[in-house]
Amino acid sequence: MQRIDHRRSARRLSRRDFVTAAAAASALLPRPAIAQGAAGNVVIIGGGFAGASAARALRRLDPRISVTLVEASETFTACPFSNLVITGLRDLKEQQFGYAKVAAAGITMAFSSATAVDTQARSITLANGNRLSYDRLVLAPGIDLRWDGLPGYDEAAANVMPHAWKAGEQTLLLRRQLEAMEDGGLVVISAPANPFRCPPGPYERASLIAYYLKAKKPKSKVIVLDAKDAFSKQRLFQNAWRELYPNLEWVSLSSGGKVTSVEPASKTVVTDFSRYQAAVANIIPPQKAGRIVELAQVADRSGWCPVDAMTFESKQQPNIHVIGDAAIMGAMPKSAFSANAQAKVCAAAVARLLAGQKPDEPRLINTCYSVVAPDYGFTVAGVYRPKDGVLVDVEGAGGVSPINAPASVRAAEASQADGWFNTITTEAFG
Ligand SMILES: Cc1cc2nc3c(=O)[nH]c(=O)nc-3n(C[C@H](O)[C@H](O)[C@H](O)COP(=O)(O)OP(=O)(O)OC[C@H]3O[C@@H](n4cnc5c(N)ncnc54)[C@H](O)[C@@H]3O)c2cc1C
């Protein structure tokens, strides 16, 4: 990979050039010079955007490294674009990917859940009874929902009030509920406090549900009850809502938006000040890193994993790296794009560490598209660098789409989102 001094090049690029460049190269770092004869045995747990990308990057960097990817499911279902599935604009099948091309790249696939990590013996145990040893372990398990995080909301409640924050059956359940709802019904979305997977996701979902209601059930309304006073790309979303969706209301934390409990039997959503009787309730609960991080003892009391910002090695356990949504990445948001960028940086660091070399200081990019209607999209982009052990923003790089852009720019960004999805899923799954 070509070395780029991003601090200089970012200043010369327009924001538009920047987003295009970011889609092609999410992590800017040199290819490691592999030491003579060095190799190693790397196990990666979690075959999502972070884990699958890391496995492929590691094989590309040094084919002598043995890479095993442990994944619970033989089919991965992607969350990005799943809000389009909920509103009937896309098929769930378009979200699904197998691992044949990952295996064809020389990666050993182990389809089972990892159930234990022995940090002393450097081995993991799988649900099928197999044990795998490692020189370095990469954890990329994504998120788990905090079933104790919102009174009344547990796994049974999710069958009535879907979260749809892990794509698959939950996505389809929310879609079926919207389709079955009578015109005039109230759709309630509960958005959690930070940090959580995909900061703009609840607002993209609200927009697309409002789009669906406007077309199919115009007497209906969508209300977002929020545990925050501010959110990602807020001005862009709110401008779009004013322009397109008078049937969408956002209630901030300070206006009493924080959901304090839910009552699934009656689909009631409760805040400190009001009770909302929903026809459809989409509850996005508080989250934490996927459970395996607790078993590996790499999570802190927040439920997320502190890591070194250069290598993503755990600050709690040597030889274990954590990437993607599960890790605490400072200013970098929890997104598929971030997960992919971190995967490439982590793979380069692991290859260097196995070869007895010092990792380079990386620059990472995140770009996140939001689509509020099929022909209306916008982006936020950022560049990040390690500072004092965490990732911080590179000042002056990135930014959001222009606030007053014409419809042609919004339409172009919506169609560029398609290109982004194809690029990132090809990079992860082949
Ligand atoms: C509605 C919605 C919209 C989104 N839109 C966007 C978007 O437009 N752009 C964007 O960049 N991001 C988007 N995201 C965020 C994106 O989906 C996540 O940030 C991304 O999936 C994180 O990647 P990951 O690899 O950390 O986790 P995941 O992609 O969730 O992968 C984790 C994998 O680990 C496996 N796993 C977990 N534990 C184990 C175990 N013990 N053993 C074996 N396997 C295990 C799981 O089966 C899973 O396949 C969106 C998210 C949502 C919910």
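Before reading on, note that the structure itself is shown above.
Residues numbered from 1 in each chain as written. Predicted model: local features only at pLDDT ≥ 70, side-chain atom pairs only at ≥ 80, totals over all residues. Heavy atoms only, no water.

Enquirer: Would you mind going over the packing of aromatic side chains with me for this structure?
Expert: When we look at a pair of aromatic rings, we describe it by the centre distance and by the angle of the planes. Applying the stated criterion across every chain, the model contains 19 aromatic pairs. An angle of 85 degrees between the planes, with centres 6.2 Å apart, marks the rings of Y376 and F378 as edge-to-face. Centre to centre, the rings of W420 and F421 are 6.4 Å apart; their planes meet at 65 degrees, and the pair counts as edge-to-face. Residue W420 shares its accessibility class with F421, and that shared class is buried. Its guanidinium or amino end placed over the ring of F421, R90 lies 4.8 Å from that ring's centre, counting from NZ or CZ. Between the NZ or CZ atom of K334 and the centre of the ring of W304, over which it lies, the distance is 4.1 Å. (Phe/Tyr/Trp six-rings, centres within 6.5 Å; stacked < 30°, edge-to-face > 60°. Buried < 20%, exposed > 50% of the residue type's maximum accessible area, 1.4 Å probe, protein only. Lys NZ or Arg CZ within 6 Å of the ring centre and 35° of its normal.)

Enquirer: Would you take a moment to explain the nonpolar core for this structure?
Expert: With 115 residues, the main nonpolar core has I45, L69, I124, L137, L139, F312 and I323 as its most contacted residues. Here this core gets twelve residues from one element, more than from any other, and that element is helix α10 (residues 336-354). Beyond its immediate sequence surroundings of up to four residues, I45 is in contact with V70, A114, I124, L137, V138, L139, A140, P141 and I292. Residues A157, L225, V262 and I283 belong to the second largest nonpolar core, which totals 16 residues. (Core = buried A, V, L, I, M, F, W, Y, C linked by side-chain atoms within 4.5 Å. Helix = DSSP H or I, 4+ residues; strand = E, 2+ residues; numbered from the N terminus. Contact = heavy atoms within 4.5 Å.)

Enquirer: How do you make sense of α10 when you look at a structure like this?
Expert: Quick reminder: α-helices carry 3.6 residues per turn. Residues three or four places apart thus point the same way. For α10, built from 19 residues, the straight-helix expectation of 27 Å at 1.5 Å per residue is met to within 8% by its first-to-last C-alpha distance of 26 Å. Within α10, 18 of the 19 residues are buried, which leaves it mostly tucked inside the rest of the structure. Two or three places before F337, at the start of α10, stands the capping residue S335, its side-chain oxygen 3.3 Å from that residue's backbone nitrogen. Of the residues trailing α10, G356 is marked for its positive phi of about 75 degrees. (Expected span 1.5 Å × (residues − 1). Polar contact = N/O pair within 3.5 Å; in protein donor to acceptor, adjacent residues only side chain to side chain.)

Enquirer: For this particular structure, what's the right way to read the site of the ligand?
Expert: The full set close to the ligand counts 35 residues, and A50, E71, R197, D325 and A336 are the nearest of them. Backbone polar atom of A72 to a nitrogen atom of the ligand: 3.2 Å apart, as the coordinates give it. Take S335: an N or O atom from its main chain is 3.4 Å from an oxygen atom of the ligand. Coverage of the ligand by the protein amounts to 91% of the 990 Å² it exposes when considered alone. Every element with two or more residues in the shell around the ligand is listed here: α3 (49-61), β3 (66-71), α4 (82-86), α10 and β23 (363-373). Here the element with the most residues in the shell around the ligand is α10; it accounts for three residues. Considered class by class, the residues forming the shell around the ligand number 20 nonpolar, ten polar and five charged. (Near = heavy atom within 4 Å. Areas by Shrake-Rupley, 256 points an atom, 1.4 Å probe, with all protein chains shown as cover. Nonpolar A, V, L, I, M, F, W, Y, C, P; charged D, E, K, R; others polar.)

Enquirer: Just checking my understanding: could you explain the sheet that holds strand β2 (residues 41-45) for this structure?
Expert: As a general point, the strands of a sheet are linked pairwise by backbone hydrogen bonds and lie either parallel or antiparallel. Across the sheet, five strands lie side by side as β6-β3-β2-β10-β21; this open sheet has parallel pairing. One side of each edge strand has no neighbouring strand; the edge strands of this open sheet are β6 (108-111) and β21 (320-322). For this sheet, the mean angle separating the axes of adjacent strands, direction not counted, is 20 degrees. Pairing analysis gives four bridges linking β3 to β6, with the strands arranged parallel. Paired with T68 across the bridge in β6 is T108. (Pairing = 2+ DSSP bridges. Axes fitted to C-alpha atoms, helices over the stretch in contact; angles between N-to-C directions.)

Enquirer: Explanation requested: the side chain of N282 in the structure shown.
Expert: Looking at the element boundaries, N282 is found in strand β18 (residues 280-283). A distance of 3.0 Å separates a polar atom in the side chain of N282 from a polar atom in the side chain of R205. Leaving out residues up to four positions away in the same chain, N282 has contacts with P162, H163, A164, L174, V188, I189, S190 and R205.

Enquirer: In this structure, what is going on with the pairing of strand β12 (residues 186-191)? I would like to understand it.
Expert: Within a regular strand, side chains alternate between the sheet's two faces. Of all six residues that make up β12, five are buried, and the element is covered over most of its length. The sheet contact formed by β12 and strand β13 (residues 221-226) spans six bridges and is parallel. Considered in β13, the bridge of I189 is made with V224. Handedness of the crossover joining β12 and β13 through helix α7 (residues 201-216) is recorded here as right-handed. Across four bridges, the pairing between β12 and β18 is parallel. Paired with I189 across the bridge in β18 is N282. (Right-handed = clockwise from strand over helix to strand, strands pointing away.)

Functional significance is not addressed by these values, which are geometric in nature.
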